[in-house]
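# Geometric and topological summary
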There are 2 protein chains.
Amino acid sequence: MKQIDIDDILKDIEVLIDKRNTGALQNILIDLHPADIAQIISHVKKDERIYLFSILPPKVASSVLAELDPPLMEELTEELGVEKISAIVDEMDSDDAADFVSSLPDEIVPEILERIPEEDSDEIKQLLHYDEDTAGGIMALEYVALPMDATVEQAIQEIRRLKAEQEVTDVYYIYVIDDENHLVGVVALSDLVLAEDYTTLKEIMKTDLPKITPDMDQEEVANIFRKYDLVSMPVVDQENHLIGRITIDDIVDVLEEEGSEDMAFIAGAPDEEITEGSISKLARARLPWLMVAFLGELLAAFILNQFDVTLRHKLMIAFFIPVIMAMGGSTAQQASVIVIRGLATGDLSLRDTGPRLLKELKISFLNSLFFATVLFIIVYLWDSAFFAGILSVSIFVVINNAAIIGALVPLTFKRLNIDPALAAAPFISTTNDILGILIYLTITTVVINFGM
Amino acid sequence: MKQIDIDDILKDIEVLIDKRNTGALQNILIDLHPADIAQIISHVKKDERIYLFSILPPKVASSVLAELDPPLMEELTEELGVEKISAIVDEMDSDDAADFVSSLPDEIVPEILERIPEEDSDEIKQLLHYDEDTAGGIMALEYVALPMDATVEQAIQEIRRLKAEQEVTDVYYIYVIDDENHLVGVVALSDLVLAEDYTTLKEIMKTDLPKITPDMDQEEVANIFRKYDLVSMPVVDQENHLIGRITIDDIVDVLEEEGSEDMAFIAGAPDEEITEGSISKLARARLPWLMVAFLGELLAAFILNQFDVTLRHKLMIAFFIPVIMAMGGSTAQQASVIVIRGLATGDLSLRDTGPRLLKELKISFLNSLFFATVLFIIVYLWDSAFFAGILSVSIFVVINNAAIIGALVPLTFKRLNIDPALAAAPFISTTNDILGILIYLTITTVVINFGM
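Rules behind the numbers
Numbering of residues begins from 1 in every chain and follows the order in which that chain's sequence is written. Chain labels run from A onward and ligand labels from 1 onward, assigned in the order the entries are written. The predicted origin of the model limits local features to residues at a pLDDT of at least 70 and limits the giving and counting of side-chain atom pairs to 80 or more, whereas totals for whole chains, interfaces and linings rest on all residues. To get the side-chain values, take all heavy atoms of the structure and skip hydrogens and water. Comment: elements are numbered from the N terminus, with helices defined as DSSP H or I runs of at least four residues and strands as E runs of at least two. Should any heavy atoms of two residues lie within 4.5 Å, those residues are considered in contact. Using the Shrake-Rupley algorithm and a 1.4 Å probe, accessible areas are obtained, with residue cover drawn only from the displayed protein chains. We score Asp and Glu as negative and Lys and Arg as positive, and we do not count His or the chain ends. To locate a charge, take atom NZ for lysine, CZ for arginine, CG for aspartate or CD for glutamate. Buried residues are those whose accessible area, probed at 1.4 Å on protein chains only, stays under 20% of the maximum for their type, while exposed residues exceed 50% and partly exposed ones sit between those limits. DSSP-based pairing: two strands are paired if at least 2 bridges between them are found. With a 1 Å grid laid over protein atoms only, a set of points is called a cavity when a 1.4 Å probe fits there but cannot get out and a pocket when it is open yet has protein on both sides within 12 Å along at least five of seven lines; lining residues have an atom within 4 Å of a point. Grid points are joined across faces, edges and corners, and a volume is the space filled by probe spheres set on the points. Under the rule applied, a polar contact is a pair of N or O atoms within 3.5 Å (in protein, one hydrogen donor and one hydrogen acceptor; residues adjacent in sequence only if both atoms are side-chain atoms). The term salt bridge refers to a side-chain nitrogen of Lys or Arg lying within 4 Å of a carboxyl oxygen of Asp or Glu. A fitted line through C-alpha atoms serves as each axis, taken over the contacting stretch for helices, and the angle formed by two N-to-C directions is quoted from 0 to 180°. Should an angle lie under 35 degrees it is considered roughly parallel, over 145 roughly antiparallel, and from 65 to 115 roughly perpendicular; all remaining angles are considered oblique. Helix crossings get a hand from a simple test, with the near helix turned counterclockwise from the far one by less than a right angle marking a left-handed crossing and a clockwise turn marking a right-handed one. UniProt positions are given in the numbering used here, feature names are shortened, and annotations may be inferred rather than shown by experiment. For Phe, Tyr and Trp, where Trp contributes only its six-membered ring, two rings pair if their centres lie within 6.5 Å, and the inter-plane angle classes them as stacked under 30 degrees, edge-to-face over 60, or tilted in between. Two limits define a charge over a ring: the Lys NZ or Arg CZ must be within 6 Å of the ring centre, and within 35 degrees of the ring normal. Superposing the copies works by least squares over the C-alpha atoms of residues that have pLDDT at least 70 in both of them. Defined in terms of a 1.4 Å probe, buried area is the accessible area two parts forfeit on being brought together, summed over both. All domain edges in this entry derive from an automatic or database-based domain assignment. The nonpolar class holds Ala, Val, Leu, Ile, Met, Phe, Trp, Tyr, Cys and Pro. Asp, Glu, Lys and Arg form the charged class, and all remaining residues, Gly among them, are polar.

## Observations regarding the overall build of chain A
Within chain A, the regular secondary structure consists of 23 helices and five strands. For the C-alpha atoms alone, the extent of chain A along its principal axes is close to 90 × 60 × 45 Å. Taking all contacts inside chain A whose residues are at least 6 apart in sequence as the whole, residues at least 24 apart take part in 66%. Carbon and sulfur atoms form 54% of the exposed surface of chain A, whose accessible area is close to 18700 Å². Here chain A contributes 32 positive and 77 negative side-chain charges, whose respective centroids are spaced 7 Å apart.

## With respect to the pairing of strand 4 (residues 232-236) of chain B
Residue and element names in this part refer to chain B. Among the five residues in strand 4, five count as buried, and that is most of the element. Neither face of strand 4 is exposed, since Ser232, Pro234 and Val236 on one face and Met233 and Val235 on the opposite face are all buried. Of the strand pairs in this sheet, strand 4 and strand 5 (residues 242-247) are connected by five bridges, and their pairing is antiparallel. The residue of strand 5 that forms the bridge with Pro234 is Arg245. Hairpin connection, strand 4 to strand 5: the antiparallel pair is bridged by five residues, and Asn240 has positive phi, about 70°.

## Some details on empty space enclosed by the protein
Enumeration according to the criterion identifies 10 cavities of 30 Å³ or more in this entry. Here the second largest cavity is characterised by a volume of approximately 280 Å³. In terms of lining, the second largest cavity is formed by 26 residues, of which the most central are A:Leu255, A:Glu256, A:Gly259, B:Leu255 and B:Gly259. Looking at the lining of the second largest cavity, the elements that each hand over two or more residues are helix 15 (218-228), helix 16 (248-267) and helix 20 (321-345) of chain A together with helix 15 (218-228), helix 16 (248-267) and helix 20 (321-345) of chain B.

## Comments concerning helix 15 of chain B
Residues and elements named next belong to chain B. When you tally the buried positions in helix 15, you get eight out of 11 residues, the bulk of the element. In this structure Asp217 caps helix 15, since a side-chain oxygen of it lies 2.9 Å from the backbone nitrogen of Glu219. Count one or two residues on from helix 15 and you reach Asp229, which has phi positive near 50°.

## A short note on the pattern of salt bridges
Applying the stated criterion to the full structure yields 28 salt bridges over all chains. Between A:Arg341 and B:Glu256 there is a salt bridge whose closest N-O contact spans 3.5 Å. Within this pair, whereas A:Arg341 is found in helix 20, its partner B:Glu256 is found in helix 16, the two belonging to separate chains. You can call B:Glu256 buried: its relative accessible area is 14%. Residue B:Lys45 pairs with B:Glu48 through a salt bridge whose shortest N-O separation is 3.9 Å. Residue class for B:Glu48 comes out buried when judged on its relative accessible area of 9%. Salt bridges here are not isolated pairs; linked through shared partners, they connect A:Arg226, A:Arg341 and B:Glu256.

## Quick look at the packing of helix 17 (residues 279-306) of chain A against helix 20 of chain B
Interaxial distance between helix 17 of chain A and helix 20 of chain B falls to 8 Å at its minimum, and their mutual angle equals 160°. In this view, helix 17 of chain A runs roughly antiparallel relative to helix 20 of chain B, as classed from their interaxial angle. Classified by chirality, the crossing of helix 20 of chain B by helix 17 of chain A is right-handed. The residues of helix 20 of chain B that touch helix 17 of chain A, namely those facing A:Arg286, A:Trp289, A:Leu290, A:Ala293, A:Phe294, A:Glu297, A:Leu298, A:Ala300 and A:Leu304, are B:Pro322, B:Val323, B:Ala326, B:Met327, B:Ser330, B:Thr331, B:Gln334, B:Ala335 and B:Ile338.

## Side note on the UniProt feature "transmembrane region" (unreviewed entry) in chain A
As recorded in UniProt, the sites labelled "transmembrane region" (unreviewed entry) are residues 287-304, 316-340, 361-382, 388-413 and 434-451 of chain A. Within residues 287-304 of chain A, the helical portion is 100% and the strand portion 0%, while the C-alpha atoms at the span's ends are 25 Å from each other.

## Overview of the sheet that holds strand 3 (residues 183-188) of chain B
All names here are of chain B. Taken in spatial order, the three strands of this open sheet run 1-2-3, and their pairing is mixed. This sheet does not close on itself; its edge strands, each paired only once, are strand 1 (145-147) and strand 3. Neighbouring strand axes in the sheet, compared pairwise and without regard to direction, differ in orientation by 35° on average. Of the strand pairs in this sheet, strand 2 (residues 173-177) and strand 3 are connected by five bridges, and their pairing is antiparallel. Paired with Ile177 across the strands is Leu183, a residue of strand 3.

## Observations concerning the UniProt feature "domain: CBS" (unreviewed entry) in chain A
Mapped onto the present numbering, the UniProt feature "domain: CBS" (unreviewed entry) falls at residues 139-203 and 205-261 of chain A. Across residues 139-203 of chain A, helical content stands at 34% and strand content at 22%; the span's end C-alpha atoms are separated by 27 Å.

## Overview of the sheet that holds strand 1 (residues 145-147) of chain A
All names here are of chain A. Strand order in this open sheet of three strands is 1-2-3, and the pairing throughout is mixed. The strands lining the two open edges of the sheet, one partner per strand, are strand 1 and strand 3 (183-188). Strand-to-strand twist across the sheet, computed as the mean angle between neighbouring axes with direction ignored, equals 35°. Across three bridges, strand 1 lies against strand 2 (residues 173-177) in parallel orientation. From the neighbouring strand, Pro147 faces strand 2, where its bridge partner is Ile177.

## Examining the packing of aromatic side chains
Per the counting criterion, the structure on display carries 17 aromatic pairs over all chains. For the pair A:Phe302 and B:Trp382, a centre-to-centre distance of 4.3 Å together with 20° between the ring planes defines the contact as stacked. You can see A:Phe302 sitting in helix 17 and its partner B:Trp382 sitting in helix 21 (residues 353-382), one on each of two chains. The structure contains a cluster of three or more aromatic residues connected by ring pairs, namely A:Phe302, B:Phe320, B:Trp382 and B:Phe387. Here the guanidinium or amino end of A:Lys314 rests over the ring plane of A:Phe387, the centre of that ring lying 5.1 Å away.

## What to know about the relation of the copies chain A and chain B
Take chain A, turn it by 180°, move it 0.0 Å along the axis, and it overlays chain B with an RMSD of 0.2 Å. Read as a symmetry element, the transformation amounts to a two-fold axis. Interface overlap between copies: 100% of the residues of chain A at the interface are likewise at the interface in chain B, consistent with a symmetric, same-surface contact.

## Here's the deal with the interface of chain A and chain B
Contact residues are listed per partner, giving 121 residues for chain A and 121 residues for chain B. Of the roughly 11000 Å² buried between chain A and chain B, counting both surfaces, carbon and sulfur atoms make up 68%. Along the contact surface separating chain A from chain B lie 12 salt bridges. When the shortest N-O distance is used, the salt bridge between B:Glu196 and A:Arg160 registers 3.8 Å.

## Things to note about the domain arrangement of chain A
All names here are of chain A. For chain A, the assigned domains read domain 1 (6-138), domain 2 (145-247) and domain 3 (279-451). Distance from the C-alpha centre of domain 1 to the C-alpha centre of domain 2: 29 Å. With nine residues of domain 1 at the interface, the matching set in domain 2 holds 12 residues. Interface of domain 1 and domain 2: buried area, both sides summed, is about 860 Å²; carbon and sulfur atoms make up 48% of it. By the criterion of area lost to domain 2, the three top residues of domain 1 are Asp133, Ala135 and Ile138, representing 51% of everything that side buries. The tally of links between domain 1 and domain 2 comes to zero salt bridges. The interface formed by domain 1 and domain 2 contains five residue pairs in polar contact (both at pLDDT 80 or more). When residues in the side of domain 1 that touches domain 2 are grouped by element, the largest group, three residues, is from helix 11 (residues 135-138). Counted by class, the side of domain 1 that touches domain 2 contains three nonpolar, two polar and four charged residues.

## Quick look at the environment of B:Thr169
Residue and element names in this part refer to chain B. In this fold, Thr169 is placed in the loop between helix 12 (152-164) and strand 2. Thr169 sits 76 residues away from Asp93 along the chain, and the two C-alpha atoms are 9.0 Å apart. Aside from chain neighbours lying at most four places away, what touches Thr169 is Asp93 and Lys163.

## Thoughts on the environment of A:Val109
Residues and elements named next belong to chain A. Here Val109 shows up in helix 9 (residues 109-115). Exposure remark for Val109: the relative accessible area of 14% places this residue in the buried category. Once the C-alpha coordinates of Val109 and Ser86 are considered, the two residues, 23 residues apart in sequence, prove to be 9.7 Å apart. Beyond its immediate stretch of four places on either side in the chain, Val109 contacts Val101 and Leu104.

## Some remarks on the side chain of B:Ser94
Here B:Ser94 shows up in helix 8 (residues 94-103). Non-local contacts of B:Ser94, meaning those with residues more than four positions away in its chain, are made with B:Glu123, B:Leu127, B:Ala140, B:Leu141 and B:Glu142.

Below, the structure is given as structure tokens:
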């Protein structure tokens, strides 16, 4: 088995790039998997990258391009002429081609589509209609479909023909259709291998499949693949006509993409920025999230100003603002992330809203009792039973309030068809910082005014 | 195509459970996919769950059990006798059986292993040696392996035999071995179908495969599957002996699991808690993360106490503590999550440490300049140019410091072989809260002492 160490190859390649030794570079690259070439291209400098990509034959270049992150893809295509781009698109599978074309500047798209065979450009146009986050956006049009009364032998002949013409690459299932292109079943390749030549597809096909329509959210499709351990699924329209297929490699990418997106929302950092993008672009991309935190906490400063009298009465009240803020923020974040993740994986649905809120409240009740007690003891020893009482009541209210908000906001977003991950920090943590300070200082002010 | 709506079925099932109509329930359940039965079992009450599970035939029960979340799995097996558990284990694939047995109480494991055929129990014992987060932990021992000189016809016969004996289920690849069980290549089922009967495997096998050893981290294995669009891979030992295989459905579970785990770390909430677990258990599980935040902010309170004189000098200084804390915390979280995610997906590696830190610093430099300017204007209008100057210098230092810490800590954890996700909030945000307060109040104190 060949083992590829990118670090080793990279050094050799950089030496050859310096020498502009195109022949030797092509010899090395041609033996590598497109994913490895893509990784090498991501790791060299910008001008070396353009040179390296330009020496790849169109077939390899198209496979490599499909593996690159969008910012790099755009960078490279800016340097290529319309002719070279067309040659690359022509070599791609329909789903990769559609993704790639949709990333190109609008003004050159018609020109590209004119230069490739009409059949291919029609397929791409068809796929471009679908939103990229839907089943239609990840499906491909290359598949093997046969009528019910076709025999196993005929099916094998058809796969052989399509493979020879490079119309399909990996085949795991054959789709069985009726005269009007309605999907009636699927045959796994392993069942095809095991059946006798004269068996008809009707006899060995499976018919109990979940239905995937092109408008389904890609995350929902991924959950279906995960639930039923699928490797490939047909996509049908509302009238059950077969229109495409989705394979597991696209689903793996979806899972990775959605995972990164959710993490990015929670962190308040935009995704897709790990490899590329200019510094000022990245800084600007992170700014909105920081702005939410900044404006929220500025509001907190003005609120604190309103409690000037209370704080002057006892400066120690200010010392505990970080404790109150952090406990509220942490509790809300715990509750919200559990809910967001549950909604994403399908383990949690809107009908669980009531029980989920109750559960979060029970959990936060126990933890708030614990921290109220510990805080009481510490502040009692440090200062007084009076101030300890104020703080322990405050932290109790703040923690329980934060748990409800943390669980409720993503569920509400989901109900309003907004991505629940948007409800994550910094939105939730900033809201809780402000509420925490308000609750704490209101309780303190009321108690001091009435109690002393 | 049959479309399953769990909500509809659930209502019918609950009525039948009330009537304890075992026959009718079995009729409904037997037609469903094990994943759907698992979903139904997760949604009914505890005693109904045990009853529902008990009426499933062992073969179905074993498939359902493999689909359940660990807490539910444990709950159900507590109610089953050793005999029933043994019957279920006997029906499972080796990888599911090993996962299940490892979740059982230690004292009953030997008894279970004695009751199943020796061949199966030997396989399970073998798999139990591997850490559950490694390639060995997710691999199965059911695969099709044949010598190089076997023909396509012989290969098809062998698959047919193993399928008939239920030794294998889904077959995508045949592994080709030499006389000493060394892996020499793989043949995709689709290539097998297309080859002539008398072709030998040697002629059609692929040999350039990434090498997967049983001690590899499951996340690393998942990245290899994702990179090369694989559906199944052989696992070999150091001497290249074939010892197992990993399929894409396990990889999809790994991606989901690692995604949830990382999200959970970032939120400071333990994973696996969405469906089940008692309230006190869940509350206790979340406590350590809250404890970190609590103790950290308590330290912040003591630090604030040290700056008592400064704060008394100008109470307004205290109003801006939330702004300073939140900007440091948000910046650190953005930097850390981008790094953690990059390390998880393999887009970022340790050799990128230097460039990554520099990049984070450049990004934070631009954003800190922006916020320092905005804060200066606001505080100048609200109070004085003097205090505005102090605040804008403080926020500039705090933001840049937070960016370095946010990026450096997960990279350092990775270098020390600690899961970088552990470096996430609340660890990073608490550290930054304390540092932010220290930086802010130190700058303020120094300037006030020297400047006024």
